[in-house]
Amino acid sequence: MEFQFEWSIFFESIPMLMRGVKFTIIITIGGLSLGFFIGTLIGLMKLAKHAILRTLAITYIEAVRGTPMLVQAMFLYYGVPMALGLRIPPLTAGVIIIAVNSGAYIAEIVRGSVQSIDPGQTEAGRSIGLTRSQTMLYIIWPQAFKRMIPPLGNQFIISLKDTSLLMVIGVGELLRTGQEIVAVSFRAFEVYLAVAVVYLVMTLSIAKALRMVENHLNMRTTR
Amino acid sequence: MSMIKIIDLHKSYGDLEVIKGIDLDIKSGEVVCIIGPSGSGKSTVLRCINRLETPTSGRIIVDGKDIMEPATNINHVRTEAGMVFQQFNLFPHINVLGNVTLGPVKVRKMSRSDADKLGLSLLEKVGLADKAKNYPEQLSGGQKQRVAIARALSLKPKVILFDEPTSALDPELVGEVLEVMRQLASEGMTMVVVTHEMGFARDVADRVIFIDKGVIQEQNTPKEFFSNPANPRLRDFLGKVSEH
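Computed from a prediction, not measured in an experiment: that's the story for all the values here. (Residues numbered from 1 in each chain as written. Chains lettered and ligands numbered in written order. Predicted model: local features only at pLDDT ≥ 70, side-chain atom pairs only at ≥ 80, totals over all residues. Heavy atoms only, no water.)

## Concerning the side chain of S102 of chain A
To be explicit about the condition: Per the convention used, a helix needs a DSSP run of H or I reaching at least four residues, while a strand needs a run of E reaching at least two, with both numbered from the N terminus. By definition, residues are in contact when any of their heavy atoms lie within 4.5 Å.
Turning to its location among the elements, S102 of chain A is positioned in helix α4 (residues 90–115). Ignoring sequence-local partners within four residues, the contact set of S102 of chain A consists of G31, L32, G35, Q155 and S159 of chain A.

Here it is in structure tokens:
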């Protein structure tokens, strides 16, 4: 039997996929917002004077980066409720997984960016009587944040794609929505191609937006 | 009256001892120039005075406060001892006026309008009031260093520490920075200047100090220092410097 590409299936599946897109976006943005908070905290802990804080930060980063996200998702969604006796809704679990996961990578982005700022900046800040935290807040952070933007953009794209793994815990995101369409249409080729195209449109849009933000910042002040 | 008193200062990095026992007493209003070969420890001494480097042992008393005492608020001491760096270290993300007013606003809790008034008067003093809204990268090296001096003055310090303030400048820009420093000296500011500018040391300093191998080898009035150097190392050093 000869394979025939069905354009109608391809085009009809796209509007149906939008329901999944909505969850993909909610989880990505929710997870990354929380992940940025975690990443900042852990990244600054890794730069702390106290060894205990540094050890805690390193343990977190290694544990998260050293285990597959799929395992983390299964553990949180199926494992943790057994121990705590409470059910975590799939959407909440999805946001937490993306947050915990991206947090570890963002921590390294934060640490690297902060460390890349000339130590002379800290010295100048301290020399006018600013405290350590004031120096971080007013001098180091604004400069470091600018350097974080490109790697954070990459992380945005990675996390968006990672949300597809959340189909295993029943989150109705884009890939799972595609799978449901395949289950009734039996047209895996067209539907999964449409799913891929939708992901691509989203990731390319992020990349484009990122370039615009970078250009805008470069215009305001260089460095 | 003693503004800075250094007693038996030692500083080591691991096994390497770079400061091997320095005693120094700097009076209020005095201009002291410190010269010496690179790696002699002269910048380290300066950086110990506001504890950007932590001394290994010894005592440093700035304006009556022992900076090694745990009870001393080092941030307060630093507002009394401003610093000017070789590489300027201006804050690139803040405009010139903001660089000068950050300390007054955040440390002294001055109102924005009072700080701006103060900042503009200091920029006026260093001849850069018209650059208030510019960003540091739009300035020449000499202008950057003059802004850095205005920033160091912004907390009304009792002493300013200069760490090779003209070493990173193109030769034709050195003069404008030294001019501002001369003016400060003539107004009675206490200044400790690590420098290679022998002309400045000769004309402006009350005392010139030669540091080599982590100790003070010689100190004297500029006249005696340059015309009658006693220490053979200093003679050798001055000979090499004057060849250029």
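## So, the pairing of strand β3 (residues 31–35) of chain B
All names here are of chain B. Applicable threshold: Only protein chains enter the calculation, and the probe is 1.4 Å; a residue is then buried if its accessible area is under 20% of its type maximum, exposed if over 50%, and partly exposed in between. A pair of strands counts as paired when DSSP detects no fewer than two bridges linking them.
Extensive coverage of β3 is indicated by the burial of five of its five residues. Of the two faces of β3, the one lined by V31, C33 and I35 and the one lined by V32 and I34 are each fully buried. In this structure, β3 lies alongside strand β8 (residues 190–194), joined through four bridges in parallel fashion. For V32, the partnering residue across the bridge sits in β8 and is V192. In this structure, β3 lies alongside strand β9 (residues 207–212), joined through four bridges in parallel fashion. Note on β9: the bridge partner recorded for V32 is R207.

## Overview of helix α6 (residues 132–162) of chain A
Our working rule: Helix span, as expected, comes to 1.5 Å for every residue beyond the first. In this analysis the local bend is the angle between axes fitted, respectively, to the seven residues ending at and the seven residues starting at the residue.
Its 31 residues give α6 of chain A an end-to-end C-alpha distance of only 37 Å, which falls more than 12% under 45 Å, the value for a rise of 1.5 Å per residue. The largest bend along α6 of chain A measures about 50° and falls at I140 of chain A, with the proline P142 of chain A one to four residues further on.

## Regarding the sheet that holds strand β1 (residues 2–13) of chain B
Residue and element names in this part refer to chain B. Just so we agree on the cut-off: Note on definitions: angles span 0 to 180 degrees between N-to-C directions of axes, and those axes are lines fitted to C-alpha atoms, for helices only across the stretch in contact.
With antiparallel pairing, the four strands of this open sheet are ordered in space as β2-β1-β4-β5. Single-partner strands in this sheet number two, and they are β2 (16–27) and β5 (65–66). Strand direction decides the pairing type here: β1 and β2, joined by nine bridges, are antiparallel. Residue pairing across strands places Y13 opposite L16, the latter belonging to β2. Helix α1 (residues 42–49) rests against β1, β2 and β4 (57–62) of the sheet, and its axis sits at about 120° to β1.

## Comments concerning the nonpolar core
Operational definition: Here the nonpolar core consists of buried residues drawn from Ala, Val, Leu, Ile, Met, Phe, Trp, Tyr and Cys, with membership extended through side-chain atoms lying within 4.5 Å.
Core analysis: the biggest nonpolar cluster contains 49 residues, and I4, I6, L9, L161 and V192 of chain B have the highest contact counts within it. No other element matches α6 of chain A, which puts six residues into this core. In this structure L9 of chain B touches I19, K20, G21, I22, V45, C48, P55, S57, G58 and I60 of chain B, once residues within four positions along its chain are discounted.

## Description of the layout of surface pockets
Note the cut-off: A 1.4 Å probe that fits but cannot get out identifies a cavity on a 1 Å grid over protein atoms alone, an open set with protein on both sides within 12 Å along at least five of seven lines counts as a pocket, and a residue lines either if it has an atom within 4 Å of a point. Grid points are joined across faces, edges and corners, and a volume is the space filled by probe spheres set on the points. Any residue that is not Ala, Val, Leu, Ile, Met, Phe, Trp, Tyr, Cys, Pro, Asp, Glu, Lys or Arg is counted as polar, Gly included; the first ten are nonpolar and the last four charged.
For the largest pocket, the calculated volume is near 780 Å³. Lining the largest pocket are 21 residues; nearest its centre among them are L47, K49, T122, R126 and R132 of chain A. Elements represented by at least two residues in the lining of the largest pocket include exactly α4, α5 (119–127) and α6 of chain A together with α2 (74–80) of chain B. The greatest single-element share of the lining of the largest pocket, amounting to five residues, is contributed by α6 of chain A. Of the residues in the lining of the largest pocket, the class split is ten nonpolar, five polar and six charged. If you go around the second largest pocket, you meet 14 residues; those closest to its centre are I149, L152, G153, F156 and L210 of chain A. Elements with a contribution of two residues or more to the lining of the second largest pocket: α1 (7–46), α6 and α8 (188–220) of chain A. Residue contributions to the lining of the second largest pocket peak at five residues, all from α6 of chain A. Along the lines of polarity and charge, the residues of the lining of the second largest pocket split into twelve nonpolar, two polar and no charged.

## Quick notes on the sheet that holds β9 of chain B
Residues and elements named next belong to chain B. Taken together, six strands build an open sheet; the order of strands is β6-β7-β8-β3-β9-β10 and the sheet is mixed. Looking at the sheet topology across the chains shown, the edges are occupied by β6 (81–84) and β10 (215–220). Here the strands of the sheet are splayed against their neighbours by 20° on average, with no regard to which way each runs. Across five bridges, β9 lies against β10 in antiparallel orientation. Each bridged residue has a counterpart across the sheet, and for D212 the counterpart in β10 is V215. Relative to β9, helix α9 (residues 232–242) is tilted by about 100°, and along the sheet it contacts β3, β9 and β10.

## Things to note about the interface of chain B and chain A
What counts here: Accessible area, probed at 1.4 Å, shrinks when two parts are joined; the buried area is that loss added up over both. For this analysis, a salt bridge means a side-chain nitrogen from Lys or Arg found within 4 Å of a carboxyl oxygen belonging to Asp or Glu.
Between chain B and chain A, the residue contacts involve 24 residues of the former and 20 residues of the latter. When chain B packs against chain A, the two sides together hide about 1900 Å² of surface, and 59% of this comes from carbon and sulfur. It is P92, H93 and K106 of chain B in chain B that bury the most area against chain A; as a group they hold 26% of the surface buried on that side. The interface formed by chain B and chain A contains one salt bridge.

## Quick word on the packing of aromatic side chains
Residues and elements named next belong to chain A. Threshold: For Phe, Tyr and Trp, rings pair up if their centres lie within 6.5 Å, where Trp contributes its six-membered ring, and each pair is then called stacked (planes under 30 degrees apart), edge-to-face (over 60) or tilted (otherwise).
The tally for this structure, following the rule as stated, stands at twelve aromatic pairs over all chains. Consider the rings of W7 and F11, whose centres lie 5.7 Å apart with planes at 20°: the pair is stacked. Remark: F11 and W7 occur in helix α1; sequence separation between them is four residues, near one turn of the helix. The class for W7 is exposed, based on a relative accessible area of 53%. F11 sits in the exposed class, given a relative accessible area of 52%. In textbook terms, an aromatic cluster arises when at least three aromatic residues are bridged by ring pairs, as seen for F3, F5, W7, F10, F11 and F189.

## Section: the pairing of β8 of chain B
All names here are of chain B. Most of β8 sits out of view: five of its five residues are buried. The side-chain alternation of β8 yields two buried faces, one formed by T190, V192 and V194 and the other by M191 and V193. Two strands pair when backbone bridges link them, and strand β7 (residues 159–163) and β8 are joined in this way by five bridges, in the parallel orientation. When the bridges of β8 are listed, I160 appears paired with M191.

## Focus on the pattern of salt bridges
With the rule as written, the count across this model stands at 19 salt bridges over all chains. Here E123 of chain A ties to R47 of chain B by a salt bridge, and the two come within 2.5 Å at their closest N and O atoms. Taken as a pair, E123 of chain A in helix α5 and R47 of chain B in helix α1 lie in two separate chains rather than in one. For R47 of chain B, a relative accessible area of 13% corresponds to the buried category. A salt bridge links D66 of chain B to R59 of chain B; the nearest nitrogen and oxygen atoms lie 3.0 Å apart. Take D66 of chain B: its relative accessible area is 11%, and that puts it in the buried class. The class for R59 of chain B is partly exposed, based on a relative accessible area of 43%. Members of the salt-bridge network, linked through shared partners, are R19, R176 and E180 of chain A.

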